[in-house]
Amino acid sequence: MDDRRRRFEALVLPHLDASYRFARWLARSPDDAQDLVQEAMLRAYRGFDALRGSDVKAWLLTIVRNCHATALTQQRRRAHVPLPEEHDALDGQALVSSELGPQEESIRHDQTLTLERLIECLPEDYREVLILREIEDMDYRAIAEITQVPLGTVMSRLARARQALRKQWFTQVEAEPSAVR
Amino acid sequence: MPCADSMRVQAYFDGEVDALSAADIERHMERCVECQALFEDLQRLRVALREELPAVHTPPTLRAQILRDLAAEPSPPRPRTGVRRIGQFWVGAVSGLGAAALAATLAFVLLAPLRPAPVVDELVVAHVNSLLSTHLTDVVSTDRHTVKPWFAGQTDVSPVVADFEPQGYKLIGGRVDYLEHQRAAVVVYRHGAHVINVFSWAATRRSLSERVTRDGYHLLFWRAGDLQYCAVSDTGWDELAALTQLLQGLQ
């Protein structure tokens, strides 16, 4: 293996999970997310020499997001626009840990689906900022770079996304007290 | 109607404020029930998001496919100079790859190689911090005869200070920030709903480009004698240029 590839695998591949997680929230289906990440990693590798000591994770997530935007534009250009696939939250990933009893498991499962659905219902601009902050733990500056909006916009989108989830999710959870741990 | 400080509470929750502002926000939360509830909700929401959402990992087949892709990709010949490297990168990225490559290329260009002077980063961070925190002004005054002498005791520079309220730029105070390893003087103006920070510090030999936009903020640089000035704001260029002209008119 040449030195360039070794450096790429050491620096960039550790962020593969983050790219895939982010892609899952951007793309319409797990299949689309896989295509997106495959494309993004190849682009990243080809452009790797241009990366100079900046935040590798932010750089990679920017590429994922750009690939997604390109794919969307191409889809829209085609005459036939497929309907969004019904999201299957059980697509092969284990959702629950095996230690839980069946009842707890189903409650936990319901709660998870609800929260996931609520996030899916957020406008994309809000959703991506929320995911980058809460799941990927990016700071405001990195989020502003990835989403290409000013810091103030990052802050207001984040506040609105959180406000929407606070309202909807807490109301639902509190309506079923057994689901609160 | 949410508390006017809710954005600052959010910034505090996200670890985006300095220690001084953090202490101030903590004091505010002791008094404000609404912000207390907001902070607790933000914590609950974070716990829920990080614990309740299913853990997503890259499917092993995808990881394997990517490793195969990388192995199949021809490695570019090792370039000798930075210029040539960027040239080859552009040719490689643009030829036959289309819009996606161009988009990705833009990302590299934006994020990596063309980093301007670090002082631009320092200025944007100082500007944003001044908006987030209570540290917008150290001396609050609309009187230039108060602000200007105050700088004399605090900084190494003595910038031009004036109120231009009739022209729409109200002097609201002064502040000291640390920039390029110096104590820089900051004169703060309000223009409509916008805050304009005018930084000044002892000029270094390096020349700075006159206009820079970063993170949505405009930075307008100029030099007067041995002082380097920079006006930073989210106003339009015209509004920013008008204020700098007024200031330059006094020099």
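Residues numbered from 1 in each chain as written. Chains lettered and ligands numbered in written order. Predicted model: local features only at pLDDT ≥ 70, side-chain atom pairs only at ≥ 80, totals over all residues.

## Side note on the overall build of chain B
Inference 1: Scanning chain B from N- to C-terminus turns up 9 helices and 7 strands.
Inference 2: Going through the 251 residues of chain B one by one, you find that 29% of them count as buried. (Helix = DSSP H or I, 4+ residues; strand = E, 2+ residues; numbered from the N terminus. Buried ≥ 20, exposed ≤ 12 C-beta atoms within 10 Å, placed from the backbone.)

## Here's the deal with the overall build of chain A
Inference 1: Broken down by element type, chain A carries 8 helices and 0 strands.
Inference 2: When the elements of chain A are put in sequence order from the N terminus, they spell out α-α-α-α-α-α-α-α.
Inference 3: A burial count over chain A gives 38% of its 181 residues as buried.
Inference 4: Expressed as a percentage of contacts within chain A between residues at least 6 apart in sequence, the contacts between residues at least 24 apart total 64%. (Contact = placed C-beta atoms within 7 Å.)

## Some remarks on the sheet that holds strand 2 (residues 170-179) of chain B
Residues and elements named next belong to chain B.
Inference 1: Taken in spatial order, the 7 strands of this open sheet run 1-2-3-4-7-6-5, and their pairing is antiparallel. Each edge of the open sheet is held by one strand with a lone partner, namely strand 1 (139-140) and strand 5 (211-214).
Inference 2: In this structure, strand 5 lies alongside strand 6 (residues 217-224), joined through 4 bridges in antiparallel fashion. Residue R214 lies in a different strand from strand 6, and its bridge partner there is Y217.
Inference 3: Sitting on the sheet, helix 8 (residues 144-154) touches strand 1, strand 2 and strand 3 (182-191), and the angle it makes with strand 2 is about 10°.
Inference 4: Relative to the sheet, helix 9 (residues 237-249) contacts strand 3, strand 4 (194-202), strand 6 and strand 7 (227-233), its axis offset from that of strand 6 by approximately 20°. (Pairing = 2+ DSSP bridges. Axes fitted to C-alpha atoms, helices over the stretch in contact; angles between N-to-C directions.)

## Some words on the pairing of strand 3 of chain B
Residues and elements named next belong to chain B.
Inference 1: With 9 bridges connecting them, strand 2 and strand 3 associate as antiparallel partners. Its bridge partner lying in strand 3, L171 is registered against Y189.
Inference 2: Two elements, strand 3 and strand 4, share 7 bridges in a ladder whose sense is antiparallel. Counterpart to A185 in the pairing with strand 4 is S200.
Inference 3: Counting the residues between successive antiparallel strands, the hairpin from strand 3 to strand 4 contains 2 residues, one of them, G192, with a positive phi of roughly 60°.

## Quick look at the confidence of the model for chain A
Inference 1: Here chain A shows a mean pLDDT of 79. Residues at 70 or above account for 73%.
Inference 2: In this model residues 81-102 of chain A is a low-confidence stretch, pLDDT under 50, and it forms 20 contacts with partners more than four residues away in sequence or in other chains. (pLDDT = per-residue confidence, 0-100.)

## Observations regarding the nonpolar core
Inference 1: In this structure, A23, V64 and I143 of chain A together with L123, V198 and F199 of chain B are the most contacted members of the largest nonpolar core, which totals 91 residues.
Inference 2: At 8 residues, the largest contribution of residues to this core is made by helix 8 (residues 151-175) of chain A. (Core = buried A, V, L, I, M, F, W, Y, C linked by C-beta atoms within 7 Å.)

## A closer look at the environment of L151 of chain A
Inference 1: Within the secondary structure layout, L151 of chain A lies in helix 8.
Inference 2: For L151 of chain A, the residues in contact, after removing those within four places along its chain, are Y140, R141 and A144 of chain A together with V128, D215 and G216 of chain B.

## Structural notes on helix 6 (residues 124-135) of chain A
Residue and element names in this part refer to chain A.
Inference 1: In a regular helix each residue adds 1.5 Å, so 12 residues correspond to 16 Å; helix 6 covers 15 Å between its end C-alpha atoms and thus fits that length.
Inference 2: Every buried residue of helix 6 is accounted for by Y126, E128, V129, L130, I131, L132, R133 and E134.
Inference 3: Immediately beyond the C-terminal end of helix 6, within one or two residues, lies D137, with a positive phi of roughly 60°. (Expected span 1.5 Å × (residues − 1).)

## Some details on the environment of V37 of chain A
Inference 1: For V37 of chain A, the position within the fold is in helix 3 (residues 30-46).
Inference 2: Classification of V37 of chain A as buried rests on a count of 30 C-beta atoms within 10 Å.
Inference 3: Put simply, V37 of chain A and R21 of chain A are 16 residues apart on the chain and 9.6 Å apart in space, counted from C-alpha to C-alpha.
Inference 4: Apart from residues no more than four positions distant in its own chain, V37 of chain A is found in contact with S19, Y20, A23 and V64 of chain A together with L62 of chain B.

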